[in-house]
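Descriptive structure summary
What follows is each chain in one-letter form.
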Amino acid sequence: MEGHPRSFLNTAVFLVINVPLTAVAALVLATALNRKLPFRSFFRTAYYVPYITASVAVVGVWMFLFNSDGLVNQALSPLAPDPSWLVNTHLAMPVVAVFVAWKQLGFFVVLYLSALQNVPQELYESAALDGAGQLRTFHSITVPAVRPATLLVLVLATITGANLFTEPYLLTGGGGPDGATTSPVLLMYQRGLQQGHPDEAAAIGVILVVLITAVSLVYRRLVERD
């Protein structure tokens, strides 16, 4: 069973970075795109394009950006990490988490935009008359009004993280460096298909389902309590 705890720890690191980043960024962008802005349709489409683009294509772009002599390291120059992002045991999983958040963002923005359509405009008008600023209005009206959508975003983002396979497989060459980006689903593939241990793969799958169910229930409790 060597490597199993490490894969779940990697997923925990992924979720801690990816889920809050996804929820916050999606809500902020959806709130901005829900207003009457110049080129609003263009921006809505632009944020959704990565979600419908093949993973292989966008992974290639990110590998070009974050490899040792990529554009990011050239821009950072002496501040660039050594070893580089995708071969650094401490930075590889955070980069994967940010990549997935960016790629999935358009889908979650659409969910929030749909929820924002149901928020009565009278609430915002009353807040404006009371002198509430944009930040206070966002915190007191927008966030509570889209609470059901937030629960859905949290659960779906967690399920996406639990099923992480394509991104570490392509970005880091199958879970590297030194297993730092190996996910349970990737480990199931390696153990069950590549190494011929379907019993281990099945056990990992059962544990993963139980853990994600528990996390989803915790999300529901927290959101309903707030």
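Before reading on, note that the structure itself is shown above.
Residues numbered from 1 in each chain as written. Predicted model: local features only at pLDDT ≥ 70, side-chain atom pairs only at ≥ 80, totals over all residues. Heavy atoms only, no water.

A rise of 1.5 Å per residue sets the reference length of helix 3 (residues 55–66), with its twelve residues, at 16 Å; its end C-alpha atoms lie 16 Å apart and thus fit the reference within 8%. Elements that come into contact with the buried residues of helix 3 comprise helix 4 (71–76), helix 5 (92–116) and helix 9 (166–171). (Helix = DSSP H or I, 4+ residues; strand = E, 2+ residues; numbered from the N terminus. Expected span 1.5 Å × (residues − 1). Contact = heavy atoms within 4.5 Å.)

The subject of this paragraph is a nonpolar patch on the surface. A cluster of nonpolar side chains, namely Phe39, Phe42, Phe43 and Tyr47, defines an oily patch on the protein surface of about 460 Å² accessible area. Along the chain, Phe39 falls in the loop between helix 1 (4–33) and helix 2 (40–52). On the basis of relative accessibility, which here comes to 65%, the residue Phe39 falls in the exposed class. (Patch = residues over 30% accessible without salt bridge, like charges linked within 9 Å, V, L, I, M, F, W, Y side chains within 5 Å. Areas by Shrake-Rupley, 256 points an atom, 1.4 Å probe, with all protein chains shown as cover. Salt bridge = Lys/Arg side-chain N within 4 Å of Asp/Glu carboxyl O. Buried < 20%, exposed > 50% of the residue type's maximum accessible area, 1.4 Å probe, protein only.)

Turning to unusual backbone geometry, a few remarks are in order. With an omega dihedral of 0 degrees, the bond running from Asp82 to Pro83 counts as a cis peptide bond. When you line up the elements, Pro83 lands in the loop between helix 4 and helix 5. One non-glycine residue, Ser77, lies in the positive phi region at around 55 degrees. By the secondary structure assignment, Ser77 is in the loop between helix 4 and helix 5. On the accessibility criterion, Ser77 (47% relative accessible area) is partly exposed. For Asp178, which is not glycine, the phi torsion reads 55 degrees and is therefore positive.

Evaluation of the coordinates by the stated rule reveals one salt bridge. The residue Glu200 makes a salt bridge to Arg191 at a minimum N-O spacing of 3.2 Å. Here Glu200 and Arg191 have matching classes, each one buried.

Bringing the packing of aromatic side chains into the picture now. All told, the structure shown has eleven aromatic pairs when counted by the stated rule. Between Tyr51 and Phe107, the aromatic rings sit 5.2 Å apart at their centres with planes inclined by 20 degrees, giving stacked as the arrangement. Of this pair, Tyr51 sits in helix 2 while Phe107 sits in helix 5, and the two are 56 residues apart along the sequence. Accessibility expressed as a relative area gives 27% for Tyr51, which makes it partly exposed. What makes Phe107 partly exposed here is its relative accessible area of 24%. With 5.3 Å between their ring centres and 70 degrees between their planes, Phe107 and Phe108 make a pair best called edge-to-face. (Phe/Tyr/Trp six-rings, centres within 6.5 Å; stacked < 30°, edge-to-face > 60°.)

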